[in-house]
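# Working through the structure, step by step
Letter by letter, the chains look like this.
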Amino acid sequence: MTRYLVGRLTGLVSVLFVTSLVVFGSVHLAPGDPVSFLLHGRPASPETVAALRSQYHLDDPLPTQYARWLGGVLGGDFGTSAQFHQDVAGLIGSRLPGTALLVGYAALLVAVLGVAAGVLAALRPGPLDRTVLMGTGVATATPSFVTAIVLVSVFSVQLGWFPGPGGTPTGLTERLHHLTLPALALALTFAGLLARVTRSAMLDELGREHVEVARARGVPGRTVVRKHVLRNALGPVVTVGGTMLAGLLISTSIVETAFDVPGLGSLLVQSVTAKDFAVVQAITLLSVAAFVLVNLAVDLLAPLIDPRLSLHGEGPS
């Protein structure tokens, strides 16, 4: 276990280092100049432009800028936002709770809707199975921004059950009420995918010999499904679900922008538009770190759920 953790953590550091190079290079090589945003289109003298570039170290060579930025990141300093004129770490810290609540809410919906739909489809072949397959196919093929438009149009504008984009909710209950439509828009695609994975895993387990033996011995159907089918099917479901959890974090930019949610996703979109290098680099690096850490947690959790699996990637016999 210790050797495995050391190896995975070393891989995590390597991935983050390569990611930092790619992110830094792609952001700085993209067309446009952050000085133009800082000036808001106003004409400026060469001295003013030079002073702004010097203030944000934009006139240094790229290797020097990268070394300075990486050194700051290792010390917990992500730099200063060019558009908000404040510390990037503090800016991200103020937006992180909103995104974490949205992702947590969406992840709960993905787990409940996806697993429930997959189990029902596997246990009820026929019209219900075909309906679930059709519904999950539509859900996975529909982009999040289209889902957001439909949800707002139906449940906010026509029915008035939920508030529309914007607003400043205060308490936890009110915040969850405001985040219900954004969480649904974020979750439906992933729930459709998880339902199909759950259905496939359940059907695979239902056809195994030990399940048929249990049924032949007169074990009640619910007990067979709970102890022999669902439990063994949870391995691939948890593995795919962990990857989806990281995907939810990355997909928040579309939903937060559509619903005007003040989180990391909408901040990333604003920062890309404004060429705010420091914020884009910090959010991207944190997203990659979260993705790798979630995958590590899933790898450690999978053998506990399904003892047939091992940390070294050996599948069930």
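All of the points below concern the structure found in this document. Predicted model, so just to flag it, every value in this text is computed and none were measured.

This part is about the overall build of the protein. Assigned secondary structure in the protein consists of twelve helices and zero strands. Ordered by position from the N terminus, the helices and strands of the protein form the series α-α-α-α-α-α-α-α-α-α-α-α. For the protein, buried positions account for 39% of its 317 residues. A fraction of 72% describes how many contacts in the protein between residues 6 or more apart in sequence connect residues 24 or more apart. As displayed, the protein has an accessible area near 16,700 Å², and 67% of this comes from carbon and sulfur atoms.

What follows covers the nonpolar core. Core analysis: the biggest nonpolar cluster contains 23 residues, and Ala106, Val110, Ala183, Ala185, Leu186, Leu248 and Phe259 have the highest contact counts within it. Mapped by element, the contributors of at least two residues to this core are helix 5 (88–123), helix 7 (144–158), helix 8 (172–206) and helix 10 (221–259). The dominant element in this core, judged by the number of residues it contributes, is helix 8, at eight residues. Apart from the residues lying within four places of it in its own chain, the contact partners of Leu248 are Val103, Ala106, Ala107, Val110, Leu186 and Phe190. Trp69, Val73, Phe78 and Val88 belong to the second-largest nonpolar core, a separate cluster that totals 16 residues.

A word on the environment of Pro169. With respect to the helices and strands, the residue Pro169 is situated in the loop between helix 7 and helix 8. The spacing of Pro169 and Leu179 is ten residues in sequence and 9.7 Å in space, taken between C-alpha atoms. In this view, Pro169 contacts Glu174, Arg175 and His178; residues no more than four positions away in its chain are not counted.

What follows is about the packing of helix 7 against helix 8. Helix packing for two helices is described by the angle between their axes and how far apart those axes are. It is the contact of helix 7 with helix 8, at a shortest axis distance of 9 Å, that shows an interaxial angle of 140°. Read as a crossing pair, helix 7 and helix 8 show a hand that is right-handed. Residue-level inspection shows Ser144, Thr147, Ala148, Leu151, Val152, Phe155 and Ser156 of helix 7 in contact with helix 8, the latter providing Leu181, Leu184, Ala185 and Leu188. Residues belonging to the contact of helix 7 with helix 8 are distributed by class as follows: eight nonpolar, three polar and no charged.

Analysis parameters
- Residues numbered from 1 in each chain as written.
- Predicted model: local features only at pLDDT ≥ 70, side-chain atom pairs only at ≥ 80, totals over all residues.
- Heavy atoms only, no water.
- Helix = DSSP H or I, 4+ residues; strand = E, 2+ residues; numbered from the N terminus.
- Buried < 20%, exposed > 50% of the residue type's maximum accessible area, 1.4 Å probe, protein only.
- Contact = heavy atoms within 4.5 Å.
- Areas by Shrake-Rupley, 256 points an atom, 1.4 Å probe, with all protein chains shown as cover.
- Core = buried A, V, L, I, M, F, W, Y, C linked by side-chain atoms within 4.5 Å.
- Axes fitted to C-alpha atoms, helices over the stretch in contact; angles between N-to-C directions.
- Left-handed = near helix turned anticlockwise from the far one by under 90°.
- Nonpolar A, V, L, I, M, F, W, Y, C, P; charged D, E, K, R; others polar.

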